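Remarks on the overall topology
If you want the building blocks of each chain, they are given just below.
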Amino acid sequence: MKVVIIGASYAGVAAALEVRKRYEDAEIILLEKQATLGYIPNGLHLYWENSIVDLDAAYFITKEQLERQNIQCFLEASVEKMNTVNKTITYLYHGRELRLTYDKMIIATGSSQLSQKISGSDGESILKYKRYPEAVAALAKMETSQSITIIGAGPVGVEAAYLLSKQHKKVTLIESMDYILFKYFDKEMILPVQERMIEMGTDLRLNQTVSAIESEGEQAVTVRFGNKSVTSDAAILGVNVRPNLSYLDEHIQLHLDQTIAVDCYMRTSVEDVFAVGDCIQLSYGDGDKTEYIPLVNNAVRTGIVAAANLIQPETAFKGSLQTIGTFLFGYYVASTGMTEAESVFSGQTVKAYCQKVSLTSLPDADTVTIKWIYDAASHVLLGAQLISTSNILEKINTLALVIQTKQTLEDLQQKEYFFHPSFSQMISATNFVSWLEVRDDGNEN
């Protein structure tokens, strides 16, 4: 069986390794447009926070490691078109046009930061750093820039604002919604981060829609929104990523947003063609509703699922809960599942409850604020958000599993955790218990 995988970031690499594990005799070919593979998309942030010494360390796997698994890797191989009737792929490789046949094909070409609504957003002076060459260029530009405008207050934009503020840059952050990280948090939960951001000097412009970005050569960049504008030494585009799928043939069905339509087995509308990672929409939770959720954890899982279903549909994708966790402006924040704000679109009667919980039994213990979102009738947990000055990020994984397995608040009360007074409370932070003498509970509003 000859398996061709287009794209060698997280989804493509996960698919290749899983195919190799399942099919020892398979011929596996990875085509990657970039000159390198395995680059970590937020490697520049890792460098700024001193987690790595240079960008060359921001790789999760190498070409040599894959080749030791008998996976053929062709770098700088740009797919130009495909013919899913004849099962052929045409690609440019070091200036030559070549053609490749396949038995099974997995599309994993990822995404790029694009905005069709912002004039000038594709200019060279607008920094994007999802890929290694972009990150190298952005790093050089940032080191000579004192003022930076960031467009978009999602995870990438807010992380960049935090890390650049620590370098004493003058940062302006522009967001179209009325608070930051709105896809993942309810407003009152993320407000401490937002307030601290402003205290540290970030010029936060909320409820502002960017219409244009203007620059000439190495000159300053002007970002226009409404009847206002900000001029700075550099600008970062931190808006949502979108897939680039111009090479697809007409037989592969797309959604209206131009992502590839797949079923729960990652199969496209064409037999023997699969699509994964940032190229597709995913089911949200276990429902039929699908959304575009371009997160690394989803990319890896969809790659594994596609490989498992190459011959027969055996393993269904279990859905995404949009789980994230990070550290911003002095706070660890994490979220999984439904927010209270988006629950109005769910068709369910939903309740929410906030608690501040001590992390250990010691008198001076740090606390975590938890927001629970659950079905009003069944008490099944639907979403959770955490914020603390202590590292509570791992707890969100437990709560994601609770949601995925449809456990109730009462089930959470029975969940077993170890107890040690130096490391945990008498009731764990993620055991939902509302004893007022133990917990500093907020009200449901």
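These numbers were taken from a predicted model, which means no experiment stands behind them. (Residues numbered from 1 in each chain as written. Predicted model: local features only at pLDDT ≥ 70, side-chain atom pairs only at ≥ 80, totals over all residues. Heavy atoms only, no water.)

1. Re the nonpolar core
Ranked by internal contacts, the top residues of the largest apolar core, which has 106 residues, are Ile106, Ile107 and Ile180. Contact partners of Ile107, with chain neighbours within four places excluded, come to Ile6, Met82, Leu245, Tyr247, Leu248, Ile252, Ile260, Val273, Phe274, Ala275, Val276 and Cys279. One finds Ile370, Ala384, Leu399 and Val402 within the second-largest nonpolar core, a separate group that totals 22 residues. (Core = buried A, V, L, I, M, F, W, Y, C linked by side-chain atoms within 4.5 Å. Buried < 20%, exposed > 50% of the residue type's maximum accessible area, 1.4 Å probe, protein only. Contact = heavy atoms within 4.5 Å.)

2. Re the pairing of strand β21 (residues 324–328)
Only one face of β21 is buried, namely the one carrying Ile324, Thr326 and Leu328, since none of Gly325 and Phe327 on the opposite face is buried. Between β21 and strand β22 (residues 331–337), which follow one another and run antiparallel, lie two residues, and Phe329 among them has a positive phi close to 50°. (Helix = DSSP H or I, 4+ residues; strand = E, 2+ residues; numbered from the N terminus. Pairing = 2+ DSSP bridges.)

3. Concerning the pattern of salt bridges
A full pass over the atoms with the stated rule returns 16 salt bridges. The partner of Lys87 in a salt bridge is Asp272, and the shortest N-O contact between them spans 2.6 Å. Here Lys87, found in the loop between β4 (77–83) and β5 (88–93), pairs with Asp272, found in the loop between β17 (241–242) and β18 (273–275); they are 185 residues apart in sequence, far enough to count as distant. Given the relative accessible area of 24%, Lys87 is considered partly exposed. Classification of Asp272 by relative accessible area gives buried; the value is 16%. Through salt bridges with shared partners, a single network forms among Asp186, Glu188, Glu340 and Lys371. (Salt bridge = Lys/Arg side-chain N within 4 Å of Asp/Glu carboxyl O.)

4. Focus on the sheet that holds strand β2 (residues 27–32)
Pairing within the open sheet is parallel, and its five strands lie in the order β3-β2-β1-β7-β18. If you trace the sheet from one side to the other, it starts and ends with β3 (71–75) and β18, each paired once. When strand polarity is set aside, the average angle formed by the axes of neighbouring strands in this sheet is 20°. With five bridges joining them, strand β1 (residues 2–6) and β2 adopt parallel strand pairing. The residue bridging Val4 from the neighbouring strand is Ile29, located in β2. Helix α1 (residues 10–22) rests against β1, β2, β3 and β7 (104–107) of the sheet, and its axis sits at about 170° to β2. (Axes fitted to C-alpha atoms, helices over the stretch in contact; angles between N-to-C directions.)

5. Details of the packing of α1 against helix α7 (residues 296–308)
Two numbers describe how α1 lies on α7: the axes approach to 7 Å, and their chain directions differ by 30°. Seen along the crossing, α1 lies across α7 with a hand that is right-handed. Residues Tyr10, Ala11, Ala14, Ala15, Glu18, Val19 and Arg22 of α1 form the contact with α7, whose participating residues are Val296, Ala299, Val300, Gly303, Ile304, Ala307 and Ala308. A class-by-class count of the residues in the contact of α1 with α7 yields 11 nonpolar, one polar and two charged. (Left-handed = near helix turned anticlockwise from the far one by under 90°. Nonpolar A, V, L, I, M, F, W, Y, C, P; charged D, E, K, R; others polar.)

6. What to know about the domain arrangement of the protein chain
For the protein chain, the assigned domains read domain 1 (2–33 + 58–112 + 246–309), domain 2 (126–237) and domain 3 (324–414). Placing the centre of domain 1 and that of domain 2 at their C-alpha centroids yields a distance of 32 Å. Facing five residues of domain 1, the contacting portion of domain 2 comprises four residues. Around 350 Å² of area is buried between domain 1 and domain 2 when both sides are counted, 36% of it from carbon and sulfur atoms. Connecting domain 1 to domain 2 are one salt bridge. Of the charged contacts in the structure, one is a salt bridge between Asp278 and Lys130, with a shortest N-O distance of 3.9 Å. If you look at where domain 1 meets domain 2, you find three residue pairs in polar contact (both at pLDDT 80 or more). For the side of domain 1 that touches domain 2, the per-class residue count stands at two nonpolar, two polar and one charged. (Domains from an automatic or database assignment. Buried area = accessible area lost by both parts, 1.4 Å probe. Polar contact = N/O pair within 3.5 Å; in protein donor to acceptor, adjacent residues only side chain to side chain.)

7. Comments concerning the packing of aromatic side chains
Tallied over the full model, the rule gives 10 aromatic pairs. On the basis of an interplanar angle of 10° and a centroid distance of 4.1 Å, the ring pair of Tyr10 and Phe60 is categorised as stacked. Here Tyr10, found in helix α1, pairs with Phe60, found in the loop between α2 (43–48) and α3 (63–67); they are 50 residues apart in sequence, far enough to count as distant. Plain terms: the ring middles of Trp48 and Tyr129 are 6.1 Å apart, the flat faces sit at 75° to each other, and that makes the pair edge-to-face. Separated by 81 residues along the polypeptide, Trp48 in helix α2 and Tyr129 in the loop between β9 (126–127) and α4 (132–143) bring together distant segments of the chain. Taken as a pair, Trp48 and Tyr129 share a single burial class, namely buried. Joined through ring pairs, the aromatic side chains of Tyr162, Phe327, Phe329 and Tyr332 make up one cluster. Directly above the aromatic system of Tyr292 lies the positively charged group of Arg242, at a separation of 4.5 Å from the ring centroid. Its end group placed over the ring of Tyr417, Lys415 keeps NZ or CZ at 5.4 Å from the ring centre. (Phe/Tyr/Trp six-rings, centres within 6.5 Å; stacked < 30°, edge-to-face > 60°. Lys NZ or Arg CZ within 6 Å of the ring centre and 35° of its normal.)

8. Overview of empty space enclosed by the protein
The tally for this structure, following the rule as stated, stands at one cavity of 30 Å³ or more. Gly277, Asp278, Ile280, Leu282, Tyr292, Ile293, Pro294, Leu295, Asn298 and Ala299 together form the lining of the largest cavity. In the lining of the largest cavity, the residues fall into seven nonpolar, two polar and one charged. (1 Å grid on protein atoms, 1.4 Å probe; cavity = no way out; pocket = protein on both sides within 12 Å on 5 of 7 lines; lining within 4 Å. Points joined across faces, edges and corners; volume = space filled by probe spheres on them.)

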